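Listed here are the chains, written in short residue letters.
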Amino acid sequence: QVQLVESGGGLVQPGGSLRLSCAASGFTFSNYGMKWYRQAPGKERELVATISSTGWSSNYADSVKGRFTISRDNAKNTVYLQMNSLKPEDTAVYYCNVVQRGLSHWGQGTQVTVSS
């Protein structure tokens, strides 16, 4: 079955950086686009970044454009989210997502807290 496992979250000061990872299994990773979402307390889950199956194409929410970079390693079945110049408003649980055979699959999420 599809499994997504996020890691790399933590507490970081404003202006700092984190790199999130999402290890995927249970499907042919290189055939599917991947997404990162986030959900802050009391807010709806929002799409942060997407990447195509080959990694050649990516898109970002306006709120993270120029600060976050999504990438993938198809040999390792892993998608990454490099987050730079972090702000307190980036505090959220971050989830990776894949839609496979019409079903949306989520990991358990990883907490990112940006605070001094």
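Above this text you will find the structure in question.
This is a predicted model, so every value here is computed, not measured. (Residues numbered from 1 in each chain as written. Predicted model: local features only at pLDDT ≥ 70, side-chain atom pairs only at ≥ 80, totals over all residues. Heavy atoms only, no water.)

A. Quick peek at the side chain of Arg-67. Along the chain, the position of Arg-67 falls in the loop between β6 (58-60) and β7 (68-73). Exposure remark for Arg-67: the relative accessible area of 11% places this residue in the buried category. For Arg-67, the side chain forms a polar contact with the main-chain oxygen of Ser-85, separated by 3.0 Å. Those residues in contact with Arg-67 that sit more than four places away from it in its chain are Gln-82, Met-83, Asn-84, Ser-85, Leu-86, Lys-87 and Asp-90. (Helix = DSSP H or I, 4+ residues; strand = E, 2+ residues; numbered from the N terminus. Buried < 20%, exposed > 50% of the residue type's maximum accessible area, 1.4 Å probe, protein only. Polar contact = N/O pair within 3.5 Å; in protein donor to acceptor, adjacent residues only side chain to side chain. Contact = heavy atoms within 4.5 Å.)

B. Here's a closer look at the packing of aromatic side chains. Counted according to the given criterion, the structure contains 4 aromatic pairs. Between Phe-27 and Tyr-32, the ring centres sit 5.6 Å apart and the planes meet at 75°, which makes this aromatic pair edge-to-face. Judged by centre distance (4.8 Å) and plane angle (65°), the ring pair of Tyr-37 and Trp-106 falls under edge-to-face. Taken together, the residues Tyr-37 in strand β4 (residues 34-39) and Trp-106 in strand β10 (residues 103-106) connect sequence positions 69 residues apart. (Phe/Tyr/Trp six-rings, centres within 6.5 Å; stacked < 30°, edge-to-face > 60°.)

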